[in-house]
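Each chain is listed here by its residues.
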Amino acid sequence: MAKKADEIINVLKAKGLRVTPQRYAVYANLLSRNDHPTAENILTDLNKDAPTLSQATIYLSLQTLRDVGLIREVLLQEGVCRYDANVSPHHHFRCNCCGKIEDIPWETFSNLSVDKLRSGLKVDHYEVIVQGECNSCCET
């Protein structure tokens, strides 16, 4: 999902955002990974060579990117908010041993239907979260 710098700038501008170095760095970082990092993971990653970004800046950038639909929050365990630049519909697998999170294609659960929910419930969206052990943890 890696994008070139000019593509990232164009995407940010198309969403009506001012392209700041901080927003650019956070969005580019998320686009380059598929491990569903926390804000702290992103902060550590971006500041590993030269600490220049604050935690508040990371959170504000993530909130702004989320609000315009460029990223989404992924809540797979209580109290831990992770971020994902893959905003297309998909599900998640979370390993109970190592915590690894992996995307599951939407069509994997193509037979799911919300039609049998009780009347009065209006579904905006849904996502399946599968939990278990990944193949790396099962081998040990």
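This write-up is about the structure you can find in this document.

Rules behind the numbers
- Residues numbered from 1 in each chain as written.
- Predicted model: local features only at pLDDT ≥ 70, side-chain atom pairs only at ≥ 80, totals over all residues.
- Heavy atoms only, no water.
- Helix = DSSP H or I, 4+ residues; strand = E, 2+ residues; numbered from the N terminus.
- Buried < 20%, exposed > 50% of the residue type's maximum accessible area, 1.4 Å probe, protein only.
- Axes fitted to C-alpha atoms, helices over the stretch in contact; angles between N-to-C directions.
- Parallel < 35°, antiparallel > 145°, perpendicular 65-115°, else oblique.
- Contact = heavy atoms within 4.5 Å.
- Nonpolar A, V, L, I, M, F, W, Y, C, P; charged D, E, K, R; others polar.
- Pairing = 2+ DSSP bridges.
- Patch = residues over 30% accessible without salt bridge, like charges linked within 9 Å, V, L, I, M, F, W, Y side chains within 5 Å.
- Areas by Shrake-Rupley, 256 points an atom, 1.4 Å probe, with all protein chains shown as cover.
- Salt bridge = Lys/Arg side-chain N within 4 Å of Asp/Glu carboxyl O.
- Disulfide = S-S within 2.5 Å.
- Polar contact = N/O pair within 3.5 Å; in protein donor to acceptor, adjacent residues only side chain to side chain.

## Some remarks on unusual backbone geometry
Its identity is not glycine, yet His-36 carries a phi of approximately 55°, on the positive side. Note that His-36 resides in the loop between helix 2 (21–31) and helix 3 (39–46). With relative accessibility at 2%, the residue His-36 sits in the buried group.

## Considering the packing of helix 2 against helix 4 (residues 55–67)
At their nearest, the axes of helix 2 and helix 4 sit 9 Å apart, and the two run at 70° to each other. Judged on the interaxial angle alone, helix 4 and helix 2 are roughly perpendicular. Across the interface between the two elements, Gln-22, Arg-23, Val-26, Tyr-27 and Leu-30 from helix 2 touch Thr-57, Ile-58, Ser-61, Leu-62, Thr-64 and Leu-65 from helix 4. Grouping the amino acids of the contact of helix 2 with helix 4 by side-chain chemistry returns six nonpolar, four polar and one charged.

## As for the pairing of strand 2 (residues 80–84)
Judged from the four bridges that link them, strand 1 (residues 72–77) and strand 2 form a sheet pairing that is antiparallel. Bridge pairing links Glu-73 to Tyr-83 in strand 2. Between the end of strand 1 and the start of strand 2, which pair antiparallel, lie two residues, with Gly-79 showing a positive phi angle near 80°.

## Describing a nonpolar patch on the surface
A surface patch of nonpolar side chains, amounting to about 450 Å² of accessible area, comprises Leu-112, Val-114, Leu-117, Leu-121, Val-123 and Tyr-126. Residue Val-114 is classed as partly exposed on the basis of its relative accessible area of 32%.

## Comments concerning the state of the cysteines
Counted by the stated rule, this structure contains zero disulfides. Of all cysteine sulfurs, the one in Cys-137 lies closest to Cys-95, which takes part in no disulfide; the gap is 3.6 Å.

## What to know about the side chain of His-90
Along the polypeptide, His-90 turns up in strand 3 (residues 90–95). There is a polar contact of 3.5 Å between the side chain of His-90 and the side chain of Arg-72. Separated by 2.9 Å, the side chains of His-90 and Asp-84 make a polar contact. Setting aside residues up to four positions removed in sequence, His-90 forms contacts with Arg-72, Asp-84, Asp-103, Ile-104, Trp-106 and Glu-127.

## A word on the side chain of Arg-82
With respect to the element layout, Arg-82 can be found in strand 2. At 2.9 Å, the side chain of Arg-82 and the backbone oxygen of His-36 are in polar contact.

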